[in-house]
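The residues making up each chain are set out below.
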Amino acid sequence: MKSLLKLKYRQLRNALVRGEKKKFILFFLLGLFFIFVLGFFFNKIFSYLAQVQEFPHFFKVFLAEKMLMMIFMTLFSMLLLSALLTSLDIFFISRDLHFLFTTPLPVRSAFIWKMLEVSVYSSAMVVFFSLPVLFFYCRYFAPGAGQALQILLAFLLFIACGVLTGMMLGLVIPAFFSVRRLQPVLSVFSIILISSIVVFLRLLRPERFLEPSEIDNVLKYMGSLDLKIFYYFPFSWLARAMSLTADGRSVPYWKTIALFVILVAALLALVLWLRKTFYLQLFDKLNRGGRGYFKSSWHPSRLKNDFLPLLRKELKIFLRSPAQWSQLLIVGALVAVFVINMKMIPLPHPSVKNFVSYLNLVMALFIVAGLNSRFTFTSIPGEGPGLAHIFSSPFVKEKFYHFKLWFHLVPLLLIGFALYAVGDLALHFDAFTRVIALVFLTPAIVFLTILSLVLGIETNETNPLSPEHVIVSKQGISYMLWSMIYLVAGMIFLIRPVGIYYWHHFTHAAIPYREILAWFLGFELVNLVLITFYYRRGKKLWLAREL
């Protein structure tokens, strides 16, 4: 076990020595940013509850408990699914399993090591998101050191319950289903569930329950969460333990801890029994060869089109890669939350509505930039060794470049304008805003798509481990940076004509359409130069590329 710990340490050290410090620093800064945002949010909530004079202390603790139960219910779902998927991967598909089983290391020790890996990998994100919740709850409701330790103990047992339950399911499911076929489906299912939870929580509009005038709605809402079935789940035990700690009720608290301990011990015993009874048989079953029943369904098409075989190839890759579906589902959830936010924004004046419509353009372009980062940028490196078939075929290389461009550009144009259309349906924008959408979105989406494709061609990754590995490369980070710079610069460039129009419209003065048109033409001209430059650069790089 000590040797395995040294191995992990050396892997991390070698990653830093190889020049990946910038990537770790970037992730660290992003983590700090999210911690800051979550901390600001939960600080506002718990400080408001703690300082409201109209509420007695027991009612404050009651409201905080129900809010914590809702939060930890979401986190427990994420933890359970993460532990399940990680267990399937680490216990059955991990590359070092064959090596570990040939060493003198006992199978029991190797299994325990894999259990530790599953625990760390599956719980890291949940622990990360829980830190601001725990810190600010302790600050306002349980400030004592002993109280903080009690809450920490309950939280660790909560994590253990979720991880061990996911491990247990991960050891049972392979007895009935193929791991390699089931894991992508479960990944998509988990993304659907998490996206649904995000949208559902936003539809609840929790901000309205912090208004004193909404006290009746608070009581009704919290009463609807007081379901007896929740009392049998660890997330309810954790919320209950935290509220008992805040009230200083030690006896009920330790009874709750006893429930946690009994459940953790039972789950641990069951996982170890499954390891002893079924694990090696399931592992051996998974690594046997197949029976060769698969038959290709690829048939030549009657339509004589050079792009048709490539189109079929791209569609099959998409349908056989559930990781790409998950990205679209996440984007869909974000879009739904954004639309809900727009619908709920108070619009006391038409100028506010115009400002929101302008921000909607920026958000639509931001989502398109994210899709370019995930799909267009990774399309060329994602071909991997398959580029040998493209280069050795009689297919013209220039046509392949054009195909990659149009294959991603057309859907992104549809998505960009669909996002704006959804905002238009929600807030009913004026005619001038629709003109801005045509002027702003069309060249911007074309430029960002070409930029991502060119940087993807420049990427040195010829056989990447995954699309995520390509995204965090030097070119991937460069695309994220330049797309954000372009987005901000384009928004600032169009502030002048937009401001001119709405100011003259507000003052009922004659609108200088010629000046506005000149600004629009200038924006189009700058984008035309950028598009032409990067298109020709990408074409030159692609034609000069060799294996």
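Residues numbered from 1 in each chain as written. Predicted model: local features only at pLDDT ≥ 70, side-chain atom pairs only at ≥ 80, totals over all residues. Heavy atoms only, no water.

(A) Molecular detail of the overall build of the protein chain. Helices and strands together make up the secondary structure of the protein chain, namely 19 helices and zero strands. Out of the 547 residues belonging to the protein chain, those deemed buried represent 43%. The long-range fraction of contacts in the protein chain, counting pairs at least 24 apart against all pairs at least 6 apart in sequence, stands at 82%. A total of about 30600 Å² of accessible surface is found on the protein chain, and carbon and sulfur atoms cover 70% of it. (Helix = DSSP H or I, 4+ residues; strand = E, 2+ residues; numbered from the N terminus. Buried < 20%, exposed > 50% of the residue type's maximum accessible area, 1.4 Å probe, protein only. Contact = heavy atoms within 4.5 Å. Areas by Shrake-Rupley, 256 points an atom, 1.4 Å probe, with all protein chains shown as cover.)

(B) View of the side chain of S483. Mapped onto the secondary structure, S483 falls in helix α18 (residues 474–506). Residue classification places S483 among the buried positions, given a relative accessible area of 3%. Setting aside chain neighbours within four positions, we find S483 in contact with A369 and L448.

(C) A look at α18. Between its terminal C-alpha atoms α18 stretches 47 Å, which fits the 48 Å expected from 33 residues at 1.5 Å a residue. Approximately 35° is the largest bend angle found in α18, and it occurs at I495, with the proline P497 only one to four residues beyond. Downstream of α18 by one or two residues, H508 has phi in the positive range, about 60°. (Expected span 1.5 Å × (residues − 1). Bend = angle between axes of the 7 residues up to and from the residue.)

(D) Geometry of the pattern of salt bridges. The final tally for this structure, using the stated rule, is five salt bridges. The shortest N-O distance in the salt bridge between E398 and K539 comes to 2.8 Å. Of this pair, E398 sits in helix α15 (residues 397–427) while K539 sits in helix α19 (residues 513–544), placing them 141 residues apart in sequence. Assessed through its relative accessible area of 23%, K539 is described here as partly exposed. (Salt bridge = Lys/Arg side-chain N within 4 Å of Asp/Glu carboxyl O.)

(E) Here's a closer look at the nonpolar core. Formed by 63 residues in total, the largest nonpolar core has its most connected members in F46, F72, F91, Y137 and F158. Of all the secondary-structure elements, those providing two or more residues to this core are α2 (21–51), α3 (57–93), α5 (107–141), α6 (145–172), α9 (234–247) and α10 (250–286). Top contributing element to this core by residue count: α3, with 16 residues. Residues in contact with F158, not counting those within four places in the same chain, are F72, F76, L79, P234, F235, L238 and F260. Residues L365, F395, L451 and I516 belong to the second largest nonpolar core, which totals 57 residues. (Core = buried A, V, L, I, M, F, W, Y, C linked by side-chain atoms within 4.5 Å.)

(F) Spotlight on unusual backbone geometry. Look at H508: it is not a glycine, yet its phi comes out positive at around 60°. H508 sits in the exposed class, given a relative accessible area of 75%.

(G) How the structure looks around the packing of aromatic side chains. Enumeration over the complete set of coordinates arrives at 29 aromatic pairs. Between the aromatic rings of F111 and Y279, the centroid separation amounts to 5.2 Å while the plane-to-plane angle is 65°, which identifies the pairing as edge-to-face. Placement of F111 in helix α5 and of Y279 in helix α10 is noted, with a sequence separation of 168 residues between them. Among the residues examined, F111 registers a relative accessible area of 2% and is labelled buried. These aromatic residues form a ring-pair network of at least three members: F72, F76, F155, F158, F233 and F235. In this structure, K397 is placed above the aromatic ring of W542, and the distance from its NZ or CZ to the ring centre is 5.9 Å. (Phe/Tyr/Trp six-rings, centres within 6.5 Å; stacked < 30°, edge-to-face > 60°. Lys NZ or Arg CZ within 6 Å of the ring centre and 35° of its normal.)

(H) Fine view of the confidence of the model for the protein chain. Per-residue confidence for the protein chain averages 76 on the pLDDT scale, and 73% of its residues sit at or above 70. Confidence over residues 209–216 falls short of pLDDT 50; this stretch has 11 contacts with residues more than four positions distant or in other chains. Within the model, pLDDT remains below 50 along residues 289–294, and this stretch shows zero contacts once partners closer than five positions in the same chain are excluded. (pLDDT = per-residue confidence, 0-100.)

(I) Just a nonpolar patch on the surface, in detail. There is a patch of nonpolar side chains on the surface, built from I25, F28, L29 and L32 and spanning about 410 Å² of accessible area. Looking at the secondary structure, you find L32 in helix α2. (Patch = residues over 30% accessible without salt bridge, like charges linked within 9 Å, V, L, I, M, F, W, Y side chains within 5 Å.)

(J) Representation of the packing of α5 against α6. Direction vectors running N to C along α5 and α6 enclose 140°, while the axes themselves pass 9 Å from each other. With respect to each other, α5 and α6 are oriented oblique. For α5 against α6, the interelement crossing comes out right-handed. Counting all contacts with α5, which are made through F111, M115, V118, S119, S122, S123, V126, V127, S130, L134, Y137 and C138, the residues of α6 involved are A148, I151, F155, I159, V163, L164, M167 and L171. (Axes fitted to C-alpha atoms, helices over the stretch in contact; angles between N-to-C directions. Parallel < 35°, antiparallel > 145°, perpendicular 65-115°, else oblique. Left-handed = near helix turned anticlockwise from the far one by under 90°.)

(K) The arrangement of the packing of α3 against α6 in detail. Put simply, α3 and α6 touch, their axes get as near as 7 Å, and they point 45° apart. One element, α3, and the other, α6, form an angle in the oblique class. Regarding α3 and α6, the two cross each other, and that crossing is right-handed. Residues F72, F76, L79, L80, A83, L84, S87, L88, F91 and F92 of α3 form the contact with α6, whose own contacting residues are F155, F158, I159, C161, G162, V163, T165, G166, M167, L169, G170 and L171. Of the residues that constitute the contact of α3 with α6, the class distribution is 17 nonpolar, five polar and no charged. (Nonpolar A, V, L, I, M, F, W, Y, C, P; charged D, E, K, R; others polar.)

(L) Representation of the environment of V126 in the model. Tracing the backbone through its elements, the reader meets V126 in helix α5. Classification of V126 as buried rests on a relative accessible area of 2%. It is 9.8 Å that separates the C-alpha atoms of V126 and T74, two residues lying 52 residues apart in sequence.

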